[in-house]
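Breakdown of the fold
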Amino acid sequence: MNHRSSLMTADRWKVNAPTFIMTGENSGPFFDDAAKALSELLPLAKHQTLAGQDHSAVVMAPDVLAKAIVNRCE
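Structural notes, computed from the coordinates. (Residues numbered from 1 in each chain as written. Predicted model: local features only at pLDDT ≥ 70, side-chain atom pairs only at ≥ 80, totals over all residues. Heavy atoms only, no water.)

1. A look at the overall build of the protein chain
Scanning the protein chain for helices and strands turns up 4 helices and 2 strands. N-terminal to C-terminal, the α/β element order of the protein chain is α-β-α-β-α-α. Buried residues in the protein chain amount to 22% of all 74 residues. Pairs at least 24 apart in sequence give 71% of the contacts found in the protein chain among residues at least 6 apart. A total accessible area of about 5300 Å² is found for the protein chain, and carbon and sulfur atoms account for 58% of it. (Helix = DSSP H or I, 4+ residues; strand = E, 2+ residues; numbered from the N terminus. Buried < 20%, exposed > 50% of the residue type's maximum accessible area, 1.4 Å probe, protein only. Contact = heavy atoms within 4.5 Å. Areas by Shrake-Rupley, 256 points an atom, 1.4 Å probe, with all protein chains shown as cover.)

2. Focus: the side chain of Ser-39
Along the chain, the position of Ser-39 falls in helix H2 (residues 29-41). There is a polar contact of 2.9 Å between the side chain of Ser-39 and the backbone oxygen of Lys-36. (Polar contact = N/O pair within 3.5 Å; in protein donor to acceptor, adjacent residues only side chain to side chain.)

3. Some remarks on H2
The first and last C-alpha atoms of H2 sit 18 Å apart over 13 residues, in line with the 18 Å expected at 1.5 Å per residue. Listed as buried for H2 are Asp-32, Ala-35, Leu-38 and Ser-39. When H2 is viewed along its axis, its buried side chains cluster within an angular range of 135° and face the same direction. Residues Pro-29 and Glu-40 are exposed on H2 and point more than 90 degrees away from its buried face. For H2, the elements touching its buried residues are strand S1 (19-24) and strand S2 (45-50). (Expected span 1.5 Å × (residues − 1). Arc of directions from axis to C-beta.)

Worth remembering: the numbers are spatial, not functional.
This is the structure we're talking about:
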């Protein structure tokens, strides 16, 4: 088994808490693929793509990120 596939095995990710996984629309496909795969493994996960953002949204667009989190929690 290669390193990449070993990271995405169900027994490695035993999280039974609500989990919000976000990716940026302009991030590379690796980020989106990984986020989607992880959201399929976690029973309470939700995935959202942030329009117009990339992987640096946490630094470059914290207001967009915060709004997405608040909206998900309402």
